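The primary structure of each chain is shown beneath.
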Amino acid sequence: PGRAACLARELSLCQGELPSAALRRELLTRDLAGEEAGARALAARALGAIGNVEDVQRLIELCAPEETGEVQRSALAALSGTASEHAGLWRAAAEALLAGAGEARTRETAAVVLGRRPSSDAAPALTRALLDSDWTVAACAAVSLGMSRAASALVPLRELTRHEDWRLRGAAVVGLGHL
């Protein structure tokens, strides 16, 4: 049977009630171990909604370099929605993906996530990302760097306003507008 049929059968065991957090975690853990990247990505997002410490650690593991970009992006998005006491954990995962993820979309997501919950702690990683070979990553890093409101953001953003690519100049102006 298809994935949807299996999920419907599993949920029907709850007899019309929402499954408990423990049952949801058990079902999601099984999906996270599966081979299909799409199912792992969806399970990562759902696991983030449960959001206790064990789940946060599992989501960080899903940001590992050997994972697909789709799973990394979903895990990072789920992590960024977790409680503020986990901010240091997911910020480190986001910075690692920003610096070294193979897919530009994943690096772009990392830059955006760092801007959604701004912190001056992310400024060094975002400043380095201004040099990314993909303009979308560099542009997202510029906006997020401004959103960090870090004092160290002013000089690199001002320098970026003189870049030859108009898209990066525009992103630098938006970033400066957030300072």
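Described below are features of the structure shown in this document.

The rules behind these values
Residues numbered from 1 in each chain as written. Predicted model: local features only at pLDDT ≥ 70, side-chain atom pairs only at ≥ 80, totals over all residues. Heavy atoms only, no water. Helix = DSSP H or I, 4+ residues; strand = E, 2+ residues; numbered from the N terminus. Buried < 20%, exposed > 50% of the residue type's maximum accessible area, 1.4 Å probe, protein only. Contact = heavy atoms within 4.5 Å. Areas by Shrake-Rupley, 256 points an atom, 1.4 Å probe, with all protein chains shown as cover. 1 Å grid on protein atoms, 1.4 Å probe; cavity = no way out; pocket = protein on both sides within 12 Å on 5 of 7 lines; lining within 4 Å. Points joined across faces, edges and corners; volume = space filled by probe spheres on them. Nonpolar A, V, L, I, M, F, W, Y, C, P; charged D, E, K, R; others polar. Salt bridge = Lys/Arg side-chain N within 4 Å of Asp/Glu carboxyl O. Expected span 1.5 Å × (residues − 1). Core = buried A, V, L, I, M, F, W, Y, C linked by side-chain atoms within 4.5 Å. Patch = residues over 30% accessible without salt bridge, like charges linked within 9 Å, V, L, I, M, F, W, Y side chains within 5 Å. Phe/Tyr/Trp six-rings, centres within 6.5 Å; stacked < 30°, edge-to-face > 60°. Lys NZ or Arg CZ within 6 Å of the ring centre and 35° of its normal.

**Some remarks on the overall build of the protein**
Thinking step 1. When helices and strands are tallied, the protein shows eleven helices and zero strands.
Thinking step 2. Each helix and strand of the protein, ordered N terminal to C terminal, gives the series α-α-α-α-α-α-α-α-α-α-α.
Thinking step 3. For the protein, with 179 residues in total, the buried portion stands at 45%.
Thinking step 4. The contacts of the protein with a sequence gap of at least 6 include a subset with a gap of at least 24, amounting to 56%.
Thinking step 5. Accessible surface, the protein: about 9400 Å² in total, of which carbon and sulfur atoms supply 56%.

**A word on the environment of Val-113**
Thinking step 1. Within the secondary structure, Val-113 sits in helix α7 (residues 104-116).
Thinking step 2. Using a relative accessible area of 1% as the deciding quantity, one classes Val-113 as buried.
Thinking step 3. Sequence separation between Val-113 and Cys-140 is 27 residues, and the spatial gap between their C-alpha atoms is 9.6 Å.
Thinking step 4. Setting aside residues no more than four positions away along its own chain, Val-113 makes contact with Leu-76, Ser-80 and Trp-90.

**Here we look at the layout of surface pockets**
Thinking step 1. Its volume calculated, the second largest pocket comes out at about 150 Å³.
Thinking step 2. Lining the second largest pocket are 15 residues, with Cys-63, Pro-65, Gln-72, Leu-97 and Ala-101 positioned closest to its centre.
Thinking step 3. Looking at the lining of the second largest pocket, the elements that each hand over two or more residues are α5 (69-80) and α6 (87-100).
Thinking step 4. With four residues, α6 is the single largest residue contributor to the lining of the second largest pocket.
Thinking step 5. Residue classes in the lining of the second largest pocket are distributed as seven nonpolar, six polar and two charged.

**Topic: the pattern of salt bridges**
Side chains that differ in sign of charge can pair as their charged atoms come close.
Thinking step 1. Considering all chains together, one arrives at five salt bridges under this definition.
Thinking step 2. In this structure, Asp-165 engages Arg-167 in a salt bridge whose closest nitrogen and oxygen atoms are separated by 3.0 Å.
Thinking step 3. You can call Asp-165 buried: its relative accessible area is 15%.
Thinking step 4. Since its relative accessible area comes to 30%, Arg-167 is described here as partly exposed.

**As for α7**
Thinking step 1. Helix length check: α7 (13 residues) gives 18 Å between terminal C-alpha atoms against 18 Å at 1.5 Å per residue, within 8%.
Thinking step 2. Here α7 has its buried residues at Thr-106, Arg-107, Ala-110, Ala-111, Val-113, Leu-114 and Gly-115.
Thinking step 3. Residues of α7 that are buried in the fold lie against α5, α6, α8 (123-129) and α9 (135-148).

**Let's talk about the nonpolar core**
Thinking step 1. Among the nonpolar cores identified, the biggest contains 48 residues, and Leu-59, Leu-79, Leu-98 and Leu-126 are the most heavily contacted of them.
Thinking step 2. Tallying contributions element by element places α9 first for this core, with seven residues.
Thinking step 3. For Leu-79, the contacting residues outside a window of four places in its chain are Val-56, Leu-59, Ile-60, Cys-63, Trp-90, Ala-93 and Arg-117.

**Thoughts on a nonpolar patch on the surface**
Thinking step 1. There is a patch of nonpolar side chains on the surface, built from Leu-154, Val-155 and Leu-179 and spanning about 240 Å² of accessible area.
Thinking step 2. Turning to its location among the elements, Val-155 is positioned in helix α10 (residues 154-160).

**What about the packing of aromatic side chains?**
Thinking step 1. Scanning the entire structure with this criterion turns up zero aromatic pairs.
Thinking step 2. Between the NZ or CZ atom of Arg-91 and the centre of the ring of Trp-90, over which it lies, the distance is 5.5 Å.
Thinking step 3. Its end group placed over the ring of Trp-135, Arg-167 keeps NZ or CZ at 4.2 Å from the ring centre.

Keep in mind these numbers describe shape, not what the thing actually does.
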